[in-house]
Amino acid sequence: MSLLGPAPLPQAFFLPTASGQRFCLFHPPQGDVQRGCMLYLHPFAEELNATRRVAAQQARALAQAGYGVLQIDLLGCGDSEGDLADATWQAWLQDARLAHRWLQEHAGGPLWLWGLRAGALLATALASELADPCHLLLWQPAISGQQQLQQFLRLHTASQWLGHGNASGPPPAHLLDQGQSVDIAGYTLTPTLAQGLAAARLQPPPKPPGRLVWLELSAQAEPMLTPASVQHLALWRDAGWAVSALALTGPLFWQTVAHDEAPALLQATLDTLHETGTQAKTP
């Protein structure tokens, strides 16, 4: 399945919640065949900004392929109300619930939850709560929130190496353990959000299994899934999920805004979704 031409502009709106408004983009499905609906859950902190363009390109391509795609900026992220200091993992999960409810009211077909990096953790957490089965599209998923948190905290160390901040102060992990917020790379991380993120795990939802599409990027000319991914995917297969996993050569675009194109990933997503038979009924 090939990437298609120009698509209609998405519908931008604010989704009201009990704690303010969430910015959303809805890409209506195009064509005669509606293949399903897809909720996109973005990555953590600055990774949201670095991945904005690639996610938008994929959302448009999915809409042209017959999917209704909803993108939401979570509390304190992107163009939604609040700051990261206002966010908690449970608040983000509530945002995901509301977005899912809106999507189900405005698009039909099998449900897919699409998560990138830490967004994959949120996608599987939401999937575990839903009454109906769903499918999962995971891009470069974080297997644990603790892993994602540690990577974010390393930005503080990198900033010290570059001569920014107080090199003699206590490490941010210590401050968080003492109940203090920390400022890292322009973001205020609270102990509550850090604890919620650290507790998140990428686990098969305890419900009838669906399809899992797992895509990773690597700078290697001959990419392979990481050993941790291979081991983790075995758990999903054992739980009955139909797993399609692939490693591709491409830029690690979530790490820097300098890389805002990932055509191989976009094409592989469309091809893999098509191959998994998404026109079939949800299990």
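Heads up: the structure comes first, above all this text.
Since we're looking at a predicted model, the values are computed, not measured. (Residues numbered from 1 in each chain as written. Predicted model: local features only at pLDDT ≥ 70, side-chain atom pairs only at ≥ 80, totals over all residues. Heavy atoms only, no water.)

Trainee: Teacher, can you tell me more about the pattern of salt bridges here?
Mentor: Two side chains that carry opposite charge are able to pair once their charged atoms sit near each other. Counted under the stated rule, the structure contains five salt bridges. The salt bridge involving Glu47 is made with Arg117; its shortest N-O contact spans 3.1 Å. One end of the pair, Glu47, is in helix 1 (residues 46-64); the other, Arg117, is in the loop between strand 5 (111-116) and helix 3 (118-129), and 70 residues separate them in sequence. Across this residue pair, the class does not change: Glu47 and Arg117 are buried. (Salt bridge = Lys/Arg side-chain N within 4 Å of Asp/Glu carboxyl O. Helix = DSSP H or I, 4+ residues; strand = E, 2+ residues; numbered from the N terminus. Buried < 20%, exposed > 50% of the residue type's maximum accessible area, 1.4 Å probe, protein only.)

Trainee: What am I meant to see in the environment of Cys37 here?
Mentor: Considering the arrangement of structural elements, one finds Cys37 in strand 3 (residues 36-41). Judged by relative accessible area, Cys37 falls into the buried class, the value being 0%. For Cys37 and Leu136, which are 99 residues apart along the polypeptide, the C-alpha to C-alpha distance reads 11 Å.

Trainee: Honestly, the packing of helix 2 (residues 89-106) against helix 3 in this entry has me stumped. Any pointers?
Mentor: The geometry of helix 2 relative to helix 3 is characterised by a closest axis approach of 10 Å and an angle of 65 degrees between their N-to-C directions. The pairing of helix 2 with helix 3 is recorded here as roughly perpendicular in orientation. Here helix 2 runs over helix 3; the crossing is right-handed. In this structure, helix 2 contributes Trp89, Trp92, Leu93, Ala96, Arg97 and His100 to the contact, and helix 3 contributes Ala118, Leu121, Leu122, Ala125, Leu126 and Glu129. (Axes fitted to C-alpha atoms, helices over the stretch in contact; angles between N-to-C directions. Parallel < 35°, antiparallel > 145°, perpendicular 65-115°, else oblique. Left-handed = near helix turned anticlockwise from the far one by under 90°. Contact = heavy atoms within 4.5 Å.)

Trainee: Got a minute to help me understand the layout of surface pockets in this structure?
Mentor: Any space left empty among the atoms is revealed by the rolling of a water-sized probe across them. As a volume, the largest pocket reaches approximately 610 Å³. As for the largest pocket, its lining consists of 27 residues, and the residues nearest its centre are Glu47, Arg117, Gln151, Trp254 and Gln255. Broken down by secondary-structure element, the contributors of at least two residues to the lining of the largest pocket are helix 1, helix 4 (145-161), strand 9 (211-218) and helix 7 (227-238). Take the lining of the largest pocket: its biggest share by element is five residues, from helix 4. What lines the second largest pocket is simply Gln146, Leu149, Gln150, Leu153, Ala173, Leu176, Asp177, Pro191, Ala194, Gln195 and Ala198. Along the lines of polarity and charge, the residues of the lining of the second largest pocket split into seven nonpolar, three polar and one charged. (1 Å grid on protein atoms, 1.4 Å probe; cavity = no way out; pocket = protein on both sides within 12 Å on 5 of 7 lines; lining within 4 Å. Points joined across faces, edges and corners; volume = space filled by probe spheres on them. Nonpolar A, V, L, I, M, F, W, Y, C, P; charged D, E, K, R; others polar.)

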